[in-house]
Amino acid sequence: MTTLETPLLELTAEDLMSRDVLVISQHMSLKAAAHLLAQAQVSGAPVVDEEGRCVGVLSAADLIHWVDHEGPPPKRCQGGETCACCDWQLDGLDDAPDDEVSRYMTTNVVATGPETRVGELARWMRDAHIHRIVIVDERRRPVGVVSGMDVLAAVARLDCLQEAEGL
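Since this is a predicted model, take the numbers as computed values, not measurements. (Residues numbered from 1 in each chain as written. Predicted model: local features only at pLDDT ≥ 70, side-chain atom pairs only at ≥ 80, totals over all residues. Heavy atoms only, no water.)

Regarding its fold elements, the protein presents five helices and six strands. The N-to-C order of helical and strand elements in the protein reads α-β-α-β-β-α-β-α-β-β-α. Here the protein holds 167 residues, and the buried ones make up 34% of them. Relative to all contacts within the protein whose residues are 6 or more apart in sequence, the contacts with residues 24 or more apart total 59%. Total accessible area on the protein is roughly 10200 Å²; 52% of this is exposed by carbon and sulfur atoms. (Helix = DSSP H or I, 4+ residues; strand = E, 2+ residues; numbered from the N terminus. Buried < 20%, exposed > 50% of the residue type's maximum accessible area, 1.4 Å probe, protein only. Contact = heavy atoms within 4.5 Å. Areas by Shrake-Rupley, 256 points an atom, 1.4 Å probe, with all protein chains shown as cover.)

Structure (C-alpha coordinates):
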(Lines give C-alpha, C1' and ligand atoms only; values in the text may rest on other atoms or scores of the structure.)
Protein backbone atom coordinates (compact mmCIF):
# COMPACT_ATOMS: atom_id res chain seq x y z
CA MET A 1 0.00 0.00 0.00
CA THR A 2 1.24 3.51 -0.73
CA THR A 3 1.13 6.34 1.77
CA LEU A 4 -1.90 7.80 -0.04
CA GLU A 5 -3.80 4.52 0.34
CA THR A 6 -2.86 3.97 4.01
CA PRO A 7 -5.45 5.12 6.55
CA LEU A 8 -4.13 8.12 8.49
CA LEU A 9 -3.83 6.45 11.89
CA GLU A 10 -1.95 3.50 10.36
CA LEU A 11 0.82 5.72 8.97
CA THR A 12 4.17 5.29 10.68
CA ALA A 13 7.17 7.50 11.27
CA GLU A 14 8.80 5.81 8.28
CA ASP A 15 5.91 6.95 6.06
CA LEU A 16 6.15 10.57 7.25
CA MET A 17 9.78 11.23 8.11
CA SER A 18 12.20 13.46 6.28
CA ARG A 19 15.11 11.20 5.42
CA ASP A 20 17.63 13.91 4.56
CA VAL A 21 18.62 14.56 8.16
CA LEU A 22 20.90 17.45 9.05
CA VAL A 23 22.93 16.41 12.10
CA ILE A 24 25.16 18.54 14.29
CA SER A 25 28.26 17.27 16.08
CA GLN A 26 28.14 17.74 19.84
CA HIS A 27 31.60 19.32 19.56
CA MET A 28 30.60 21.94 16.96
CA SER A 29 30.52 25.50 18.25
CA LEU A 30 27.15 27.06 18.97
CA LYS A 31 27.98 29.79 16.45
CA ALA A 32 28.74 27.30 13.66
CA ALA A 33 25.64 25.24 14.49
CA ALA A 34 23.40 28.32 14.45
CA HIS A 35 24.71 29.28 11.03
CA LEU A 36 24.27 25.68 9.80
CA LEU A 37 20.62 25.67 10.90
CA ALA A 38 20.03 29.06 9.27
CA GLN A 39 21.71 27.97 6.04
CA ALA A 40 19.63 24.77 5.90
CA GLN A 41 16.50 26.77 6.80
CA VAL A 42 15.50 24.38 9.59
CA SER A 43 14.58 25.22 13.15
CA GLY A 44 16.37 22.32 14.79
CA ALA A 45 18.47 19.21 14.27
CA PRO A 46 19.67 16.13 16.13
CA VAL A 47 23.04 16.39 17.85
CA VAL A 48 25.27 13.33 17.53
CA ASP A 49 28.34 11.93 19.26
CA GLU A 50 31.46 10.53 17.60
CA GLU A 51 29.65 7.29 16.68
CA GLY A 52 26.72 9.14 15.13
CA ARG A 53 24.34 8.34 18.02
CA CYS A 54 21.72 10.93 18.89
CA VAL A 55 22.65 12.59 22.20
CA GLY A 56 20.54 15.74 21.96
CA VAL A 57 18.68 18.23 19.81
CA LEU A 58 19.62 21.83 19.09
CA SER A 59 16.60 23.94 18.24
CA ALA A 60 15.65 27.56 17.78
CA ALA A 61 14.28 27.42 21.34
CA ASP A 62 17.78 26.58 22.62
CA LEU A 63 19.20 29.52 20.66
CA ILE A 64 16.50 31.83 22.00
CA HIS A 65 17.33 30.63 25.52
CA TRP A 66 20.99 31.57 24.92
CA VAL A 67 20.04 35.00 23.54
CA ASP A 68 17.63 35.58 26.44
CA HIS A 69 19.94 34.44 29.25
CA GLU A 70 23.52 34.74 28.06
CA GLY A 71 23.37 36.51 24.73
CA PRO A 72 25.14 39.60 23.52
CA PRO A 73 24.31 43.03 24.93
CA PRO A 74 21.46 44.84 23.17
CA LYS A 75 22.36 46.58 19.92
CA ARG A 76 22.37 50.35 19.98
CA CYS A 77 20.65 52.40 17.30
CA GLN A 78 21.65 55.85 16.12
CA GLY A 79 21.62 58.22 19.06
CA GLY A 80 22.61 55.49 21.50
CA GLU A 81 19.14 54.20 22.42
CA THR A 82 18.48 50.46 22.54
CA CYS A 83 16.88 49.11 19.37
CA ALA A 84 13.67 47.18 19.82
CA CYS A 85 13.11 43.92 18.04
CA CYS A 86 10.52 41.17 18.12
CA ASP A 87 10.88 38.25 20.55
CA TRP A 88 11.18 35.80 17.64
CA GLN A 89 14.03 37.68 15.98
CA LEU A 90 17.37 36.00 16.63
CA ASP A 91 19.70 38.94 16.50
CA GLY A 92 23.27 38.48 17.58
CA LEU A 93 24.01 34.93 16.47
CA ASP A 94 27.31 36.19 15.08
CA ASP A 95 28.14 36.88 18.72
CA ALA A 96 27.28 33.31 19.74
CA PRO A 97 30.06 31.64 21.70
CA ASP A 98 32.51 29.12 20.35
CA ASP A 99 31.50 26.79 23.20
CA GLU A 100 30.43 23.32 22.13
CA VAL A 101 26.80 22.66 21.21
CA SER A 102 26.64 20.06 23.98
CA ARG A 103 26.50 22.90 26.52
CA TYR A 104 23.32 24.38 24.97
CA MET A 105 21.42 21.46 23.42
CA THR A 106 18.34 19.80 24.84
CA THR A 107 19.43 16.40 26.14
CA ASN A 108 16.08 14.77 26.90
CA VAL A 109 15.41 13.85 23.27
CA VAL A 110 12.13 12.33 22.18
CA ALA A 111 13.29 9.64 19.76
CA THR A 112 11.71 6.49 18.43
CA GLY A 113 11.96 3.87 15.73
CA PRO A 114 10.47 4.05 12.23
CA GLU A 115 7.55 1.76 13.16
CA THR A 116 5.89 4.26 15.55
CA ARG A 117 2.39 5.25 14.42
CA VAL A 118 1.35 8.81 13.64
CA GLY A 119 -1.12 9.05 16.54
CA GLU A 120 1.60 8.27 19.05
CA LEU A 121 3.99 10.74 17.39
CA ALA A 122 1.34 13.48 17.53
CA ARG A 123 0.60 12.77 21.22
CA TRP A 124 4.28 12.92 22.12
CA MET A 125 4.68 16.25 20.30
CA ARG A 126 1.64 17.66 22.04
CA ASP A 127 2.51 16.36 25.50
CA ALA A 128 6.19 17.38 25.35
CA HIS A 129 5.49 20.70 23.57
CA ILE A 130 7.99 19.87 20.84
CA HIS A 131 8.03 20.36 17.07
CA ARG A 132 10.04 17.33 15.97
CA ILE A 133 10.76 13.73 16.88
CA VAL A 134 14.04 12.14 15.91
CA ILE A 135 13.66 8.75 14.24
CA VAL A 136 16.57 6.48 15.12
CA ASP A 137 17.85 3.07 14.12
CA GLU A 138 18.70 0.25 16.53
CA ARG A 139 22.02 1.94 17.36
CA ARG A 140 20.29 5.27 18.11
CA ARG A 141 21.63 6.93 14.95
CA PRO A 142 19.23 9.44 13.34
CA VAL A 143 17.62 8.09 10.17
CA GLY A 144 14.84 10.66 9.91
CA VAL A 145 12.88 13.41 11.56
CA VAL A 146 9.11 13.77 11.85
CA SER A 147 7.95 17.32 12.40
CA GLY A 148 4.55 18.72 13.21
CA MET A 149 4.40 19.89 9.59
CA ASP A 150 4.91 16.31 8.40
CA VAL A 151 1.89 15.21 10.44
CA LEU A 152 -0.20 18.12 9.11
CA ALA A 153 0.87 17.27 5.54
CA ALA A 154 -0.44 13.71 6.01
CA VAL A 155 -3.78 15.07 7.25
CA ALA A 156 -3.96 17.48 4.29
CA ARG A 157 -3.19 14.66 1.81
CA LEU A 158 -5.99 12.57 3.31
CA ASP A 159 -8.39 15.49 3.08
CA CYS A 160 -7.47 16.08 -0.59
CA LEU A 161 -7.89 12.38 -1.34
CA GLN A 162 -11.30 12.26 0.29
CA GLU A 163 -12.37 15.41 -1.51
CA ALA A 164 -11.24 13.97 -4.86
CA GLU A 165 -13.20 10.79 -4.15
CA GLY A 166 -16.27 12.83 -3.25
CA LEU A 167 -16.40 11.67 0.39
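With that out of the way, let us pick up the sheet that holds strand β2 (residues 44-48). Taking strand neighbours across the sheet as the criterion, the three strands line up as β1-β2-β3 in an open arrangement whose pairing is mixed. Each end of this open sheet is capped by a strand with a single partner; those strands are β1 (24-25) and β3 (54-59). Both β2 and β3 contribute to a ladder of five bridges, which runs antiparallel. Note on β3: the bridge partner recorded for V48 is C54. (Pairing = 2+ DSSP bridges.)

Attention now moves to the pairing of strand β5 (residues 132-136). Looking along a regular strand, one sees the side chains alternate between the two faces of the sheet. In terms of burial, β5 is largely enclosed, as five of its five residues are buried. Burial along β5 is two-sided: the face carrying R132, V134 and V136 and the face carrying I133 and I135 are both buried. The pairing of strand β4 (residues 111-112) with β5 spans two bridges and is classified as parallel. Its bridge partner being in β5, A111 is matched across the sheet by V134. Crossover β4 to β5 through helix α4 (residues 118-128) is right-handed. The antiparallel hairpin formed by β5 and strand β6 (residues 142-147) contains five residues in its connecting segment, where R140 sits at a positive phi of about 70 degrees. (Right-handed = clockwise from strand over helix to strand, strands pointing away.)

What follows deals with the side chain of D62. By the secondary structure assignment, D62 is in helix α3 (residues 60-69). A polar atom in the side chain of D62 sits 2.8 Å from the side chain of T106. Ignoring any residue separated from it by four or fewer positions in sequence, one finds D62 in contact with V57, Y104, M105 and T106. (Polar contact = N/O pair within 3.5 Å; in protein donor to acceptor, adjacent residues only side chain to side chain.)

Within β6, five of the six residues are buried, which leaves the element mostly enclosed by the surrounding structure. As defined by bridge partners, β5 adjoins β6 across five bridges and the pair is classed as antiparallel. Counterpart to V134 in the pairing with β6 is V145.

To continue, consider the nonpolar core. Counting residues in hydrophobic clusters, the biggest one holds 13 residues, and the most contacted among them are I24, L30, L37, V47, L58 and V101. Elements that contribute at least two residues to this core include exactly α2 (30-40), β2 and α3. In this view, V101 contacts I24, S25, Q26, M28, S29, L30, A33, V47 and L58; residues no more than four positions away in its chain are not counted. (Core = buried A, V, L, I, M, F, W, Y, C linked by side-chain atoms within 4.5 Å.)

What follows concerns the layout of surface pockets. By volume, the second largest pocket is sized at about 360 Å³. Lining of the second largest pocket is provided by 15 residues; of these, S59, H129, I130, H131 and R132 occupy positions nearest its centre. Put simply, the parts of the chain that give the lining of the second largest pocket at least two residues each are β3 and α3. When residues of the lining of the second largest pocket are assigned to their parent elements, the largest contribution, three residues, is made by α3. Taken together, the residues of the lining of the second largest pocket sort by class into seven nonpolar, six polar and two charged. (1 Å grid on protein atoms, 1.4 Å probe; cavity = no way out; pocket = protein on both sides within 12 Å on 5 of 7 lines; lining within 4 Å. Points joined across faces, edges and corners; volume = space filled by probe spheres on them. Nonpolar A, V, L, I, M, F, W, Y, C, P; charged D, E, K, R; others polar.)

On average, residues of the protein score 83 in pLDDT, and 77% of them are at 70 or above. In this model residues 82-91 is a low-confidence stretch, pLDDT under 50, and it forms 12 contacts with partners more than four residues away in sequence or in other chains. (pLDDT = per-residue confidence, 0-100.)

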